Amino acid sequence: MKNTSVSLFRQVLDLIPKREFEEIVMKHNGDKRKQSFDSWAHFVSMIFCQLAQANSLREICGGLKTCGGK
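Model, not experiment: these values are computed from the prediction.

## Here's the deal with the overall build of the protein
Okay, so step 1: Assigned secondary structure in the protein consists of four helices and zero strands.
Okay, so step 2: Taken from the N to the C terminus, the helices and strands of the protein come in the order α-α-α-α.
Okay, so step 3: The buried share of the protein, reckoned over its 70 residues, is 19%.
Okay, so step 4: Expressed as a percentage of contacts within the protein between residues at least 6 apart in sequence, the contacts between residues at least 24 apart total 33%.

## Here we look at unusual backbone geometry
Okay, so step 1: Its identity as a non-glycine residue notwithstanding, N29 has a phi of 55°, on the positive side.
Okay, so step 2: Structurally, the position occupied by N29 is in the loop between α2 (18-27) and α3 (39-52).
Okay, so step 3: Phi angles above zero are rare outside glycine, and Q53 is one such case at about 50°.

What counts as what
Residues numbered from 1 in each chain as written. Predicted model: local features only at pLDDT ≥ 70, side-chain atom pairs only at ≥ 80, totals over all residues. Heavy atoms only, no water. Helix = DSSP H or I, 4+ residues; strand = E, 2+ residues; numbered from the N terminus. Buried < 20%, exposed > 50% of the residue type's maximum accessible area, 1.4 Å probe, protein only. Contact = heavy atoms within 4.5 Å.

These values are about where atoms sit, not about what they do.
Set out below in structure tokens:
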């Protein structure tokens, strides 16, 4: 039985093993030139953009703010 207090977005993100994602980023030096927006944050933003069918950066930012956390 699924936990109904967890958002669908969170459930989708839980399908992706963050540790493996970070290992791949480290292996390919993906965050070498990052300033404040790391690869995981970029990935989460892109997943949200696809699921929400967002048309602008403003929509993405607003939607991510409503997802809780930061």
